[in-house]
Amino acid sequence: MTLWNGRFSSPMAKSLWDLSESYSFDHVLYAHDIAGSRAHVRGLAHAGLLSGDECAALLTTLDAILREFEDGTFTRDESDEDIHTAIERRATELAGATGAKLHTARSRNDQVATTLRLFTRDAVTSVARDILTLLDALDEVGATDPGAYLPGYTHLQRAQPVLLTHHLGAHAWSLLRDVERLIDARERMNVSPLGAGALAGTSLPIQPAFTAELLGFREPFANSLDAVSDRDFVAETLFALSMVGIHLSRMGEELVLWTSEEFGFATLGDDFTTGSSMLPQKKNSDVAELARAKSGRLVGNLTGLLVILKGLPLSYNRDLQEDKEPLFDSLRHVTLMINALAGAYRSMTFHAETARRAADDPNLVAIDIAERLVQEGVPFRQAHEQVGQLVGEAVRRGGSLLDVVEQSEEFSRFADLFASGASLNARTSPGGSGPAAQTEQAERLSAARDRAAERLA
Ligand code: ARG
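Scoring rules and cut-offs
- Every chain's residues receive numbers from 1 upward, in the order its sequence appears when written.
- Totals for whole chains, interfaces and linings use all residues, but because this is a predicted model, local features are given only for residues with pLDDT of at least 70 and pairs of side-chain atoms are given and counted only at 80 or more.
- To obtain the side-chain values, all non-hydrogen atoms of the structure were included, while hydrogens and water were left out.
- Orientation is described by axes fitted as lines to C-alpha atoms, over the contacting stretch for helices, and by angles from 0 to 180 degrees between their N-to-C directions.
- Helix and strand definitions follow DSSP, with helices as H or I runs of at least four residues and strands as E runs of at least two, each counted in order from the N terminus.
- Roughly parallel here means an angle under 35 degrees, roughly antiparallel means over 145, roughly perpendicular means 65 to 115, and every remaining angle is called oblique.
- In a left-handed crossing the near helix is turned counterclockwise from the far helix by less than a right angle, and in a right-handed crossing that turn is clockwise.
- Here a residue-residue contact requires only that any non-hydrogen atoms of the pair lie within 4.5 Å.
- For this classification, Asp, Glu, Lys and Arg are treated as charged, while Ala, Val, Leu, Ile, Met, Phe, Trp, Tyr, Cys and Pro are nonpolar and the rest, including Gly, are polar.
- For this purpose, a residue is taken to be near a molecule or strand whenever a single non-hydrogen atom of the residue falls within 4 Å of it.
- Polar contacts, as counted here, are pairs of nitrogen or oxygen atoms within 3.5 Å of one another; within protein the pair requires one atom able to donate a hydrogen and one able to accept it, and residues that are adjacent in sequence qualify only if both atoms are side-chain atoms.
- Within this scheme, the nonpolar core is defined by two criteria: the residues are buried Ala, Val, Leu, Ile, Met, Phe, Trp, Tyr or Cys, and they are joined through side-chain atoms within 4.5 Å.
- Each residue is placed in one exposure class: buried if its accessible area under a 1.4 Å probe, protein chains only, is under 20% of its type's maximum, exposed if it is over 50%, and partly exposed if it falls in between.
- Two rings from Phe, Tyr or Trp (for Trp, the six-membered ring) form a pair when their centres sit within 6.5 Å of each other. Planes less than 30 degrees apart are called stacked, planes more than 60 degrees apart edge-to-face, and all others tilted.

Trainee: Before we go on, may I ask you to explain the packing of helix H4 (residues 52-70) against helix H5 (residues 83-95) in this structure?
Mentor: In a packed pair of helices, the relevant descriptors are the angle between the two axes and the axis-to-axis distance. Packing of H4 against H5 brings their axes to within 10 Å, and their N-to-C directions diverge by 120°. Taken together, the axis directions place H4 and H5 in an arrangement best described as oblique. Of the two possible hands of crossing, H4 and H5 adopt the one that is right-handed. Of the residues in H5, those touching H4 at Leu58, Thr61, Leu62, Ala64, Ile65, Glu68 and Phe69 are Ile83, Ile87, Arg90, Ala91, Leu94 and Ala95. Tallied by class, residues from the contact of H4 with H5 come to ten nonpolar, one polar and two charged.

See below:
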């Protein structure tokens, strides 16, 4: 059915229908739309607009429709334009004249805003939970070899040795901020638009605060125009998901490097790698490459929505219907990325010996010599210069910094700094990569994770 037969003398053109119908993608909102309608029905009864019997009949009807969706027996009528129309049409079929009262004091404009907030509230909770599972996977990788270390890089040039747990912890902190961001977004979106009507409220005696409370919203909207036109919460969610995607893309890139023969720091399990249709020897980290690539569509979805919202006049405009597909797409792909990466990390073998050899590169000791000189009272800039000359000498000779130091009368007392792991153990400053500092930050990380999990619950 179209919902406005009274006004029109001809049916909608097929090309307009094809352009404007949204059931094909918004049917996934059925459970949240029914939840919103259940609260609306109880609100109408509370306002004296439905009798107790009518309210009970409509609630039973909505439950029956929910079951039809869940067991796959709900059938779309060819005239159902969107999920809201479909449910109202079915309610009227099942409950007759009472069904025709369902949409009293409500517009699809406040209805869709309510439904989408309920849906997004659940969806961000679920993504945040998945991220916490990925954090657990990172934790497990670190725990397999707590003493393992690798070179830390800047500009992708070896810089200083870092513990594997320190390195993975850096990813964990960024993902934990994503969890916090999703929870922050959830708190901001937790306001009910139900009762705003088409744009200006209604003359009927409904109480938006009553339905807001039934739906677990923190409060009802304050301004009806804002209630039906605000999609900040979708944009904010898409930003938070893009940030997750970008963090995962950096982790993906790192796995591509680590699993290359050139680095050789890690191998992924056979169940998380793919072969080549032509080259029998290949074992490819497609999982990491796809994680790297999918961030593109997440950013695209965010950008697309922002452009849709830009310049829209108050209040509801049909443009807003275009908020859903980017949201659904980003949620789907970010979830795929998180779960596959968690599996890939769990399947990973870290080659601690290869990583250690790379991290014990004598050049990485240069800063330790400079810092020892500082402890002896040499101003840092001079110490930097002196050690720089030693490095330059090693480069000119094509030899190792250790050889130059050992052969130098002035600096041979620093040869002990080149012992395997010595540089790592010297990183004692809080938050740094040394073992003691790492133990402390691991505790901070796990406390922060628990706080986020508590906020999420
Ligand atoms: N399917 C529509 C949407 O997603 C529902 C609201 C339609 N409202 C309207 N006035 N045409 O935005």
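Trainee: What exactly am I supposed to notice about the site of the ligand here?
Mentor: All residues in the neighbourhood of the ligand are listed as Ser22, Asp82, His84, Arg108, Asn109, Val112, Tyr316, Arg318, Gln321 and Lys324. One nitrogen or oxygen atom from the side chain of Gln321 is found 2.8 Å from a nitrogen atom belonging to the ligand. Within the side chain of Lys324, one N or O atom sits 2.6 Å away from an oxygen atom of the ligand. Looking at the shell around the ligand, the element that brings in the most residues is helix H6 (residues 108-144), giving three residues.

Trainee: I tried to follow the nonpolar core on my own but got confused; where do I start?
Mentor: Of all hydrophobic cores here, the largest spans 87 residues; its most connected members are Leu134, Leu248, Trp258, Tyr345, Met348 and Phe350. No other element matches the 13 residues that H6 contributes to this core. Residues in contact with Met348, not counting those within four places in the same chain, are Val141, Leu255, Trp258, Ala266, Thr267 and Leu268. Counting residues in each nonpolar core, the second largest holds 17 residues, with Ala366, Ile369, Ala394 and Leu401 among its members.

Trainee: Just checking my understanding: could you explain the packing of aromatic side chains for this structure?
Mentor: For any pair of aromatic rings, the description consists of the separation of the ring centres together with the inter-plane angle of the planes. As enumerated under the stated definition, the model contains eight aromatic pairs in all. Plain terms: the ring middles of Tyr153 and Phe263 are 5.8 Å apart, the flat faces sit at 50° to each other, and that makes the pair tilted. One end of the pair, Tyr153, is in strand S1 (residues 149-154); the other, Phe263, is in the loop between helix H10 (232-258) and strand S5 (266-267), with 110 residues separating them in the sequence. Taking relative accessible area as the criterion, Tyr153 reaches 28% and is therefore assigned partly exposed. Residue classification places Phe263 among the buried residues on the basis of a relative accessible area of 18%. Here the aromatic residues Tyr153, Trp258, Phe263, Phe265 and Phe350 are joined through ring pairs into a cluster of three or more.

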